Amino acid sequence: MLLLVVAFIVLFVLLLYMVSPLISPKPLKLPGAHVVVTGGSSGIGKCIAIECYKQGAFITLIARDENKLLQTKKEIEKYSVNDKQVVLCISVDVSKDYEQVENVLKQAQEKLGPVDMLVNCAGTSVTGKFEEIEVNSFERLMAVNYLGSVYPSRTVITTMKERRMGRIVFVSSQAGQLGLFGYTAYSPTKFALRGLAEALQMEVKPYNIYVTVAYPPDTDTPGFAEESKTKPLETKLISETSSVCQAEQVARVIVKDAIQGNFNSSVGSDGYMLSILTSGMSPVTSITEGLQQVVCMGIFRIVGLFYLGSFDSIVRRCMMQREKSESADKTE
């Protein structure tokens, strides 16, 4: 009887692997494709643009700082694979004026053709205790991190539907999967991207358009270095439980997953575990992916509880040390 059960499970898994490729989207071909990257002048955005350019894509870089854009353009052009490739730079704030974003992207499409892949990478971060963060910071982060992805996506979606093809990438964060100490202004904006991505994927999937949400871990970028200057002690100690990734590594994973049409994109073992734990009702690209989530969910939940317990312990310990220090100061 046991052998029959084992045989049935093996046959079932083999069947899943055979059927899976039939329901997965066809990979997007990057040679000659038009890829738009917002927040493309530095960090992960710049590395994504380089990775796509290496594979023969035409690139439109969008960011606020025109000087940084021009420097990045020169750097990217070193990786050309043919003399037809173009890197177009557009200086605009994607979070302020939808009509302006719409106009500049129309200009980009007139020069380089319809957008095949949009990578929403523009973002910023503020860390600190909830009651110490300026109220306008909550508004600014929601504008940049959320609306800064809504506006470009809204601009390209109609043409993608007409062409029955396209990829839209939202670069979230592991802080968009798990709320952590110090990220009360930042995390909600990154959580919001997932809600947008899930709803949008349901709308556009019949048109052969696939949405990817990327959840990079702490990554060695100029933005991360700036953020680290204001991190509370608790946030720093929690961050030390995971390693810092290189932007090039993160970019390669995101581009690969976007090309394949994967909904979730994560880096490393911690990222894989978080993606399983937070999968919920998110779309799956293959039956195999769904099976992995079903099998691993319970085990990873146990591991996750140990992580949460460790984080709570760090926060409690820091609070006690702070109170002890304050009490000592009062007695002096």
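Residues numbered from 1 in each chain as written. Predicted model: local features only at pLDDT ≥ 70, side-chain atom pairs only at ≥ 80, totals over all residues. Heavy atoms only, no water.

Asker: Explain the overall build of the protein chain here, please?
Answerer: Check the secondary structure of the protein chain and you find 11 helices and nine strands. The principal-axis extents of the C-alpha atoms in the protein chain amount to approximately 70 × 70 × 35 Å. Per-residue burial for the protein chain yields a buried fraction of 46% across its 332 residues. Excluding contacts between residues fewer than 6 apart, the proportion of contacts in the protein chain whose partners are at least 24 apart in sequence is 75%. (Helix = DSSP H or I, 4+ residues; strand = E, 2+ residues; numbered from the N terminus. Buried < 20%, exposed > 50% of the residue type's maximum accessible area, 1.4 Å probe, protein only. Contact = heavy atoms within 4.5 Å.)

Asker: Would you explain the nonpolar core in this entry?
Answerer: A general trend in soluble globular proteins is that nonpolar side chains are found buried together. Residues Leu30, Val35, Ile48, Cys52, Ile59, Met117 and Val119 are the most contacted members of the largest nonpolar core, which totals 34 residues. Counting residues per element, the ones that place at least two in this core are strand 1 (34-38), helix 2 (43-54), strand 2 (58-63), helix 3 (66-77), strand 4 (117-120), strand 5 (166-171) and helix 9 (247-260). Sequence-distant contacts of Cys52, that is, excluding residues within four places in its chain, are made with Leu30, Val35, Ala57, Ile59, Met117 and Val255. Ranked by size, the runner-up nonpolar core spans 30 residues in total, among them Phe58, Ile62, Ile168 and Val204. (Core = buried A, V, L, I, M, F, W, Y, C linked by side-chain atoms within 4.5 Å.)

Asker: Please explain the UniProt feature "coiled-coil region" (unreviewed entry) in the protein chain as it appears in this structure.
Answerer: Cross-referencing UniProt, the feature "coiled-coil region" (unreviewed entry) maps to residues 62-111 in the present numbering. For residues 62-111, the end-to-end C-alpha separation is 15 Å, with 52% helix and 14% strand making up the annotated structure. (UniProt positions renumbered as here; feature names shortened; annotations may be inferred.)

Asker: How should I be thinking about the pairing of strand 1 in this particular structure?
Answerer: Looking along a regular strand, one sees side chains alternate from face to face of the sheet. By the criterion of burial, strand 1 is predominantly enclosed, with five of the five residues buried. Neither face of strand 1 is left uncovered, since the one carrying His34, Val36 and Thr38 and the one carrying Val35 and Val37 both have all their residues buried. Two strands pair when backbone bridges link them, and strand 1 and strand 2 are joined in this way by five bridges, in the parallel orientation. The residue of strand 2 that forms the bridge with Val37 is Leu61. The handedness of the strand 1 to strand 2 crossover, carried by helix 2, is right-handed. With four bridges connecting them, strand 1 and strand 4 associate as parallel partners. Bridging from a neighbouring strand, Val36 pairs with Leu118 of strand 4. (Pairing = 2+ DSSP bridges. Right-handed = clockwise from strand over helix to strand, strands pointing away.)

Asker: Would you mind going over the packing of helix 2 against helix 9 with me for this structure?
Answerer: Between two packed helices, the angle of one axis relative to the other and the distance separating the axes together describe the packing. At their nearest, the axes of helix 2 and helix 9 sit 8 Å apart, and the two run at 60° to each other. Classed by the angle they form, the pair helix 2 and helix 9 counts as oblique. Crossing hand, helix 2 versus helix 9: right-handed. Here Gly43, Ile44, Cys47, Ile48, Glu51 and Cys52 of helix 2 lie close against helix 9, whose contacting residues are Ala247, Glu248, Val250, Ala251, Arg252, Ile254 and Val255. Looking at the contact of helix 2 with helix 9, its residues break down into nine nonpolar, one polar and three charged. (Axes fitted to C-alpha atoms, helices over the stretch in contact; angles between N-to-C directions. Parallel < 35°, antiparallel > 145°, perpendicular 65-115°, else oblique. Left-handed = near helix turned anticlockwise from the far one by under 90°. Nonpolar A, V, L, I, M, F, W, Y, C, P; charged D, E, K, R; others polar.)

Asker: Even after reading the chapter, I still don't get the side chain of Asn264, so can you show me in this structure?
Answerer: Considering the arrangement of structural elements, one finds Asn264 in strand 9 (residues 264-266). In this structure Asn264 comes out as buried when scored by relative accessible area, which is 13%. The contact partners of Asn264, leaving out residues within four places of it in the chain, are Val213, Tyr215, Asp257, Ser275, Ser282, Pro283 and Glu289.

Asker: Explain unusual backbone geometry here, please?
Answerer: In terms of backbone geometry, most residues other than glycine have negative phi values and most peptide bonds are trans. We note that Arg164 has phi near 60°; this positive angle belongs to a residue other than glycine. Summarising the element assignment, Arg164 is placed in the loop between helix 5 (135-163) and strand 5. Judged by relative accessible area, Arg164 falls into the partly exposed class, the value being 47%. The phi dihedral of Asn208 is positive, around 65°, even though this residue is not glycine. Inspection of the secondary structure puts Asn208 in the loop between helix 6 (187-204) and strand 6 (209-215). Residue classification places Asn208 among the partly exposed residues on the basis of a relative accessible area of 35%.

Asker: Explain the packing of aromatic side chains to me, please; I cannot follow it from the model alone.
Answerer: Ring pairs (aromatic) are described by centroid distance and by the angle formed between their planes. Tallied over the entire structure, the rule returns five aromatic pairs. Considering the side-chain rings of Tyr272 and Phe300, the 6.0 Å spacing of their centres and the 85° angle between planes classify their relative orientation as edge-to-face. Linking Tyr272 in helix 10 (residues 268-277) with Phe300 in helix 11 (residues 287-331), this pair joins segments that are 28 residues apart in sequence. (Phe/Tyr/Trp six-rings, centres within 6.5 Å; stacked < 30°, edge-to-face > 60°.)

Asker: It is not clear to me how the state of the cysteines should be interpreted in this structure. Could you clarify?
Answerer: Among covalent bonds in proteins, the disulfide is the one between the sulfur atoms of two cysteines. Scanning all chains against the criterion turns up zero disulfides. The closest cysteine sulfur to the non-disulfide-bonded Cys47 is located on Cys121, 9.4 Å from its own sulfur. Looking at Cys47, the relative accessible area reads 10%, which means it is buried. (Disulfide = S-S within 2.5 Å.)

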